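The chain contents come next:
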Amino acid sequence: MSDCDRLAPAALAFDLGASGGRAVSGRLVDGRLATEEVHRFPNDPVRVHDHLYWDILRLFHEVTLGLRKARSHGPIASVGIDSWAVDFGLIGANGDLLANPRHYRDPYTAGVAERVWSNVPREELFRRTGIQMLPFNTIYQLTALKRLNPSLLDRARTLLLIP
């Protein structure tokens, strides 16, 4: 049995921040939680014209690389990924990503919240969701996208949140 096989399985956490990402492995060692950063990578949004997008293919590559690096340190029991969790990719009928996901720092949601609140009052939205009223929340992004590119929403079969 190798040293890796004798190690307690790790919980692997990915943090996708606004400008960088990292993978941190945590496992019990002698009854205590030991953490280790196993991978760090840039996570800069991509600017095209006046808009910001997630570099989603780069993130897929970096998460895959982080998984491989973590596995070389021992078994992995679970994986979690964290970001603002408001951004999303639209998936078509064949399972393909239909467009590059917008970044929550993209200004395309400016002024959209007020339009949403005219249909669903802030208090009702908070009662139903329990989330803070931030101008880049998913509901505002979907509303902005409906105005900017309704055919994209029509082609979408599902929405996959960036965790």
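As shown above, the structure is provided for reference.
These figures come from a predicted structure and were not determined experimentally.

What counts as what
- Residues numbered from 1 in each chain as written.
- Predicted model: local features only at pLDDT ≥ 70, side-chain atom pairs only at ≥ 80, totals over all residues.
- Heavy atoms only, no water.
- Salt bridge = Lys/Arg side-chain N within 4 Å of Asp/Glu carboxyl O.
- Buried < 20%, exposed > 50% of the residue type's maximum accessible area, 1.4 Å probe, protein only.
- Helix = DSSP H or I, 4+ residues; strand = E, 2+ residues; numbered from the N terminus.
- Contact = heavy atoms within 4.5 Å.
- Polar contact = N/O pair within 3.5 Å; in protein donor to acceptor, adjacent residues only side chain to side chain.
- Pairing = 2+ DSSP bridges.
- Axes fitted to C-alpha atoms, helices over the stretch in contact; angles between N-to-C directions.

(A) Focus on the pattern of salt bridges. Enumeration over the complete set of coordinates arrives at six salt bridges. Where Asp 106 meets Arg 102, a salt bridge forms, and the shortest distance between an N and an O atom there is 3.2 Å. When sorted by exposure, Asp 106 lands in the same class as Arg 102, which is buried.

(B) Summary view of the environment of His 39. Among the secondary structure elements, His 39 is positioned in strand β3 (residues 32-42). Taking relative accessible area as the criterion, His 39 reaches 5% and is therefore assigned buried. Between the C-alpha atoms of His 39 and Ala 70, which are 31 residues apart in sequence, the distance is 8.0 Å. Not counting residues within four places of it along the chain, the set of residues in contact with His 39 comprises Gly 21, Arg 22, Ala 23, Glu 62, Leu 65, Gly 66 and Lys 69. A polar contact of 2.7 Å, which involves the side chain of His 39, links it to the side chain of Glu 62. At 2.9 Å, the side chain of His 39 forms a polar contact with the side chain of Lys 69.

(C) The arrangement of the sheet that holds strand β6 (residues 76-82) in detail. Taken together, four strands build an open sheet; the order of strands is β3-β2-β1-β6 and the sheet is mixed. Two strands bound the open sheet, and with one partner strand each, they are β3 and β6. Neighbouring strand axes in the sheet, compared pairwise and without regard to direction, differ in orientation by 20 degrees on average. Pairing analysis gives six bridges linking strand β1 (residues 10-16) to strand β2 (residues 20-29), with the strands arranged antiparallel. Its bridge partner lying in β2, Ala 11 is registered against Gly 26. Contacts from helix α2 (residues 56-71) reach β1, β3 and β6, with the element oriented near 145 degrees to β3.

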